[in-house]
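Architecture and fold: a report
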Amino acid sequence: MNPLTDNAIMLKVKNGDLDKLGLLFERHHRSLFGFLFHMTGQRELSEDMAQNVFYRILKYKHAFRGDGEFKTWMYHLARNVINDNGRAVKRTVKHQEVTNLAEEIAGSYLADESIQKKQELALLKNAMNNLQPESREILILSKFQELKYHEIAAIMDITEGAVKVRVHRALHQLKNVYLQIAN
Amino acid sequence: MNCENDKAFISSWINNEMTAAERTAFEQHLLTCTECRQELEATQQVWKLMGEIPAPAASADMPVQFQGMLEQYKESQTVTTKPNPLRVLVDKLRQLWLLQPGMQLAYTIVLIVIGIGAGSLLNTQGGNKQEIAALSSQVHEMKEMMMLSLLENPSASERIRGVSYSSEIKTANKEVIEALLSTLNNDQNVNVRLITLEALTQYAGEPSVREGLVKSIVQQESPLVQSALADIMLKLQEKRSVQSFKKLLQQKDLNNAIRNKIEQTISGLI
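Here the structure is a predicted model, which is why all the values come from computation and not from measurement.

Reading the values: rules and limits
- Residues numbered from 1 in each chain as written.
- Chains lettered and ligands numbered in written order.
- Predicted model: local features only at pLDDT ≥ 70, side-chain atom pairs only at ≥ 80, totals over all residues.
- Helix = DSSP H or I, 4+ residues; strand = E, 2+ residues; numbered from the N terminus.
- Buried ≥ 20, exposed ≤ 12 C-beta atoms within 10 Å, placed from the backbone.
- Contact = placed C-beta atoms within 7 Å.
- Nonpolar A, V, L, I, M, F, W, Y, C, P; charged D, E, K, R; others polar.
- Expected span 1.5 Å × (residues − 1).
- Arc of directions from axis to C-beta.
- Axes fitted to C-alpha atoms, helices over the stretch in contact; angles between N-to-C directions.
- Parallel < 35°, antiparallel > 145°, perpendicular 65-115°, else oblique.
- Left-handed = near helix turned anticlockwise from the far one by under 90°.
- Core = buried A, V, L, I, M, F, W, Y, C linked by C-beta atoms within 7 Å.
- pLDDT = per-residue confidence, 0-100.

Here's the deal with the overall build of chain B
On a plain count of helices and strands, chain B comes out with 15 helices and zero strands. The 270 residues of chain B split such that 18% are buried.

Digging into the overall build of chain A
Across its full length, chain A carries nine helices and zero strands. When the helices and strands of chain A are listed from N to C terminus, the series reads α-α-α-α-α-α-α-α-α. In chain A, which comprises 183 residues, the proportion classed as buried is 33%. For chain A, restricting intrachain contacts to residue pairs at least 6 apart in sequence, the fraction spanning at least 24 positions comes to 65%.

Considering the interface of chain A and chain B
Taken together, the 34 residues of chain A in the interface contact 27 residues of chain B. Mapped onto the side of chain A that touches chain B, the elements with two or more residues apiece are α2 (21-40), α3 (43-59), α6 (115-130), α7 (133-143) and α9 (160-182) of chain A. Here the side of chain A that touches chain B is composed, by residue class, of 19 nonpolar, six polar and nine charged.

Some points on α3 of chain A
Because the α-helix completes a turn every 3.6 residues, residues three or four places apart line up on one side. For α3 of chain A, which comprises 17 residues, the first-to-last C-alpha distance of 24 Å matches the rise-based estimate of 24 Å (1.5 Å per residue) to within 8%. When α3 of chain A is considered as a whole, its buried residues turn out to be Ser46, Glu47, Met49, Ala50, Gln51, Val53, Phe54 and Ile57 of chain A.

Notes on unusual backbone geometry
A positive phi is found at Asp157 of chain A, a non-glycine position, where the angle reads about 65°. The topology assignment puts Asp157 of chain A in the loop between α8 (149-156) and α9. In the Ramachandran plot, Gln237 of chain B falls in the positive-phi region, its phi being about 50° despite a non-glycine side chain. The topology assignment puts Gln237 of chain B in the loop between α13 (223-236) and α14 (241-249). Its 9 C-beta neighbours within 10 Å are what place Gln237 of chain B among the exposed residues.

Description of helix α9 (residues 156-166) of chain B
The complete set of buried residues in α9 of chain B reads Arg159, Ile160, Gly162, Val163 and Ser166 of chain B. Mapping the buried residues of α9 of chain B onto a view down its axis gives an arc of 155°, with all of them on the same face.

Quick notes on the packing of α14 of chain B against helix α15 (residues 256-269) of chain B
All names here are of chain B. Contact geometry for α14 and α15: axes closest at 10 Å, N-to-C directions at 155°. Classified by the angle their axes make, α14 and α15 are roughly antiparallel. α14 and α15 meet at a crossing whose hand is left-handed. Along its contact with α14, which presents Ser241, Val242, Phe245, Lys246, Leu248 and Leu249, the element α15 presents Arg259, Ile262, Thr265, Ile266 and Leu269.

Digging into the nonpolar core
One finds Leu32, Leu36, Val53, Met74, Ala78 and Leu174 of chain A to be the most contacted residues of the largest nonpolar core, which totals 45 residues. Element by element, the count of residues in this core is highest for α2 of chain A, at nine residues. The contacts of Leu174 of chain A, once residues within four sequence positions are left out, are Ala127, Met128, Leu131 and Leu139 of chain A together with Val46 of chain B. Among the nonpolar cores identified, the runner-up in size contains 24 residues, and Val176, Leu197, Ile232 and Leu248 of chain B belong to it.

Overview of the packing of α3 of chain A against helix α4 (residues 70-85) of chain A
Residues and elements named next belong to chain A. Running from N to C, α3 and α4 point in directions that differ by 120°, and their axes come no closer than 9 Å. When the axes of α3 and α4 are compared, the pair comes out oblique. Both α3 and α4 take part in a crossing whose hand is right-handed. Judged by residue contacts, Met49, Asn52, Val53, Arg56 and Ile57 of α3 engage Met74, Leu77, Ala78, Val81 and Asn85 from α4. Split into classes, the residues belonging to the contact of α3 with α4 amount to seven nonpolar, two polar and one charged.

Looking at the confidence of the model for chain A
With 84% of its residues at a pLDDT of 70 or more, chain A has an overall mean of 83. Of the regions scoring below 50 in pLDDT, residues 94-99 of chain A engages in four contacts with residues more than four places distant in sequence or in other chains.

Structural data, given as structure tokens:
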């Protein structure tokens, strides 16, 4: 049996079959949570925000026309949620970067990694937090969410060419900052 | 090949966002340019490392919380959608209405026609007319009574008010005219008499009024009233008044100005 596409499910939700949203939640909540976590660095906040994104999907379901991908629409709403949380989030990231980093890296996820790798990752994360929020966002979308340039363009409402330029600039900057800190 | 330009391709190459032609050209350039090769390697390393930045897994509570949120939303929807059938109907009607401006015009015309029809139908029904006539005659009677009682009031201003009521009584009856004539002849106040005279000229068409006015000429002592009477007689061309004016001229203490006026009036009437 051919599983339904995201868009087909979302159109059902739009037409009143609200329970179908559960399928979309099941498919996407992990990556959405990942995106929010990388953006905010806060686990509980990210979970709340992910719920908030799905609440908005329900609330604004009439605005879903089905001409774009559901996924890009979801990230679009997620960005709005992040913006609505505003500077408070950005400030916490800056504040948290040093304190939580060591604990996090030393945490259970990396129990079997070498100490050197842990250090490298800590440095890279530090470098990430030194980027402009916009640069960090575009790298997160590209790397963690594995979105193609044309999808990022749709989410950020810019051209694909602009995405190409921005990704390059951000990645170049990240590499330089990382090497600078590492040496 | 321009090296700066090619560096911009590094991230595109890593992300596999290149056309086949771009890719071939870039890879060819890499073979010859050590700088670009090093840059690519360093970037690729960072990019790869970035993928290893840990993130916690989404908590298992999330789907539960989501279901809770969904149920809550559905409940809030059913509350607001309960009066829906009616609202849907109203919306549909409104849409229908908005979609057809011609219908609006038609309804307007139909309503106007109904209005005019109903109006003329009501007008032809005699019942109302009779009622109105009865009411207006009652009002008429009341005004007459008011007037008559006011004329006997000791205060001059009240009597003036009484006289002025007579201007609202279109068809004065005998009683009213008598009352006015007696006021004209007997009231002590000149102003009251002048107003009464004015009121009486309204009914100058009545023979009894004319007669009364002519008779009144000799009874007036105030030059003001005499002069006003002279004016009225001239206006009415009442020849019978000549006799009375001549009598007036015989009075020795008559005001000189009035004497002249009366003489003019007499010549105007003859």
